[in-house]
Amino acid sequence: MLKYLRRHTNAKSFIPEIDGLRFFAIFTVVVYHLNTTYSEATGLDWKLALGVLGPQQIGWWLLRFDVGVKVFFALSGFILSLPFLKHYLNGDQKIGLGDYFYRRLTRLEPPFIITLFLFFLVHIFILKNSASELFPGLLASIFYLHTFIFGIPSVINPVTWSLETEAQFYLSIPFLLAAFFYFKNKWIAFSLILVLIALSIWWKSIILQRDFEHLYYSIFAYWSNFLVGVILAFFYISSPDFFKLKTYLWDSIGLLAIFLLFYFYKPQSLWSNNFVFNISLFVMLISGFKGKLTNYFYTREIIFVVGGMCYTIYLLHYAFFHLLMKYSKNLTSDMSYSQGLSIQLFIGFSLLMVVSSLFFVLIEKPCMDKRWIQQLTAFVKKKVVVK
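This one's a predicted model, so the numbers in the text were calculated from it and none came from an experiment.

Notes on the overall build of the protein
Looking only at helices and strands, the protein features 20 helices and zero strands. Relative to the globule expectation of 21 Å for 387 residues, the C-alpha radius of gyration of the protein, 21 Å, shows essentially globular dimensions. On the principal axes, the C-alpha backbone points of the protein span a range of 70 × 60 × 45 Å. Here the protein, with 387 residues, has 50% of them falling under the buried criterion.

Given below as structure tokens:
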């Protein structure tokens, strides 16, 4: 079954470690939101039940499981900058901006828009919300402007705030890298990237401390996370041999980086926390390539296949859990919070994978084929001619 769930990729450009790291990112986000929806559905205070005072308590970790979104940002920085950096560093063929934006549009928009309209209909016909009140939010969400206009995540699908941030990065990275490599010197470009990371860390602390809500969800608060991925891509191209050697030492370094990643994740308003967080994020990503056990885990087919489905899972999981908890919460009503959460995790993740697999195969995977629009057009024309 895994072969049907594997995403369409160019065999030469496929990097299993990246999809494996995507598994880490989507798993943490899914657990985070399942916990919050379970708590909301039952009316129980999960922070009180699980404790959030220190790393020795489960709740302290769960409070930080939304860290996966920032890992996604770094992985996007790596993936999107890689072809441009291959041109600037290795002299590979220049990436045409028309092809670049067309590919982003045809690959990501159909699943995104379909889920928005699907959840819009759910709000109207099942939740009985007002269509006229929701429509401006739907329109703003479609054009990735909801948080800029309203200062809050989309009511229709709140998790899409991060996709708005990603879209801003998609639009800016070709021009940003062109500016960095204006002098055709990789070390000047590298230095400029580091400067922007430092400025981003400072900007984020200012944005949070002064409560600039409209900017909090924008690229201005997350440049540092994306650029960590760009730095990783820089070294991945410049020093390929470094990434080939795997050692147990890097497994240990990677575990330490994950702990520091969680420890310094919150409060995010402190620039010192963001500084250590981004360093830990960078080291954790490297350990995915260089740790023997870590790399083995990330390169197992079931791990990188699920990681490759992360876009579909991300789009569906939050709304799905809210619907599921209306019914599944009764199964664990006589259990402690931790026991109930464990059962809900098993049920929720299993059913989510079934729903996500169907959506992925039917909607997202076909859009991974660069020629899907031409194929669909040819199919429609053929049907018209036959009739």
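Structural notes on empty space enclosed by the protein
Per the stated rule, a full pass over the model turns up one cavity of 30 Å³ or more. It is helix H17 (residues 301-308) that provides the largest number of residues to the lining of the largest cavity, a total of three residues. Of the residues that constitute the lining of the largest cavity, the class distribution is four nonpolar, two polar and three charged.

A word on the side chain of Thr-332
Among the secondary structure elements, Thr-332 is positioned in the loop between helix H18 (310-328) and helix H19 (337-367). The exposure class assigned to Thr-332 is buried, which follows from its relative accessible area of 2%. Within the local environment of Thr-332, its side chain forms a polar contact with the side chain of Tyr-38, the two groups lying 3.0 Å apart.

Some details on the pattern of salt bridges
Tallied over the full model, the rule gives seven salt bridges. Residue Lys-244 pairs with Asp-241 through a salt bridge whose shortest N-O separation is 3.5 Å. Of the two residues, Lys-244 and Asp-241 both sit in helix H13 (residues 240-244), three residues apart, roughly one turn of that helix. On the basis of relative accessible area, Lys-244 is assigned to the exposed category, the value being 60%. Members of the salt-bridge network, linked through shared partners, are Arg-7, Asp-19 and Arg-22.

Observations concerning the packing of aromatic side chains
By the definition in use, this model includes 43 aromatic pairs. Residues Tyr-216 and Tyr-217 carry aromatic rings whose centres are separated by 5.0 Å and whose planes lie at 75 degrees to one another, so their mutual orientation is edge-to-face. Residue classification places Tyr-217 among the buried positions, given a relative accessible area of 17%. Centre to centre, the rings of Phe-235 and Phe-282 are 6.3 Å apart; their planes meet at 55 degrees, and the pair counts as tilted. Of this pair, Phe-235 sits in helix H12 (residues 223-238) while Phe-282 sits in helix H15 (residues 271-290); the two residues are 47 residues apart in sequence, bridging distant segments of the chain. Linked through ring pairs, Phe-73, Trp-161, Phe-169, Tyr-216, Tyr-217, Tyr-222, Trp-223 and Phe-226 together constitute an aromatic cluster.

Considerations on the layout of surface pockets
Over the atoms a probe the size of a water molecule is rolled, and this reveals where empty space is left. Here the second largest pocket defines a volume of roughly 590 Å³. Considering the residues around the second largest pocket, the lining is formed by 23 residues, among which Val-122, Ala-319, Phe-320, His-322 and Leu-323 are closest to the centre. Contributions of two or more residues to the lining of the second largest pocket are made by helix H2 (16-42), helix H6 (97-125) and H18.

A word on unusual backbone geometry
The amide bond that connects Lys-266 to the next residue, Pro-267, takes the cis arrangement and shows omega of 0 degrees. Here Lys-128, not a glycine, exhibits a phi torsion of approximately 60 degrees, which is positive. Relative to the helices and strands, Lys-128 resides in the loop between H6 and helix H7 (131-142). The phi angle at Asp-211 is positive, at roughly 60 degrees, despite the residue not being glycine.

With respect to a nonpolar patch on the surface
A cluster of nonpolar side chains, namely Phe-135, Leu-139, Phe-143, Leu-145, Phe-148, Ile-149, Phe-150, Ile-152, Val-155, Phe-212, Leu-215 and Phe-220, defines an oily patch on the protein surface of about 1100 Å² accessible area. Elements with a contribution of two residues or more to the nonpolar patch: H7 and helix H8 (146-150). Here the nonpolar patch gets three residues from one element, more than from any other, and that element is H8. Its place among the elements puts Ile-149 in helix H8. Judged by relative accessible area, Ile-149 falls into the partly exposed class, the value being 49%.

What counts, and at which threshold
- Residues numbered from 1 in each chain as written.
- Predicted model: local features only at pLDDT ≥ 70, side-chain atom pairs only at ≥ 80, totals over all residues.
- Heavy atoms only, no water.
- Helix = DSSP H or I, 4+ residues; strand = E, 2+ residues; numbered from the N terminus.
- Rg over C-alpha atoms; globule rule 2.2 N^0.38 Å.
- Buried < 20%, exposed > 50% of the residue type's maximum accessible area, 1.4 Å probe, protein only.
- 1 Å grid on protein atoms, 1.4 Å probe; cavity = no way out; pocket = protein on both sides within 12 Å on 5 of 7 lines; lining within 4 Å.
- Points joined across faces, edges and corners; volume = space filled by probe spheres on them.
- Nonpolar A, V, L, I, M, F, W, Y, C, P; charged D, E, K, R; others polar.
- Polar contact = N/O pair within 3.5 Å; in protein donor to acceptor, adjacent residues only side chain to side chain.
- Salt bridge = Lys/Arg side-chain N within 4 Å of Asp/Glu carboxyl O.
- Phe/Tyr/Trp six-rings, centres within 6.5 Å; stacked < 30°, edge-to-face > 60°.
- Patch = residues over 30% accessible without salt bridge, like charges linked within 9 Å, V, L, I, M, F, W, Y side chains within 5 Å.
- Areas by Shrake-Rupley, 256 points an atom, 1.4 Å probe, with all protein chains shown as cover.

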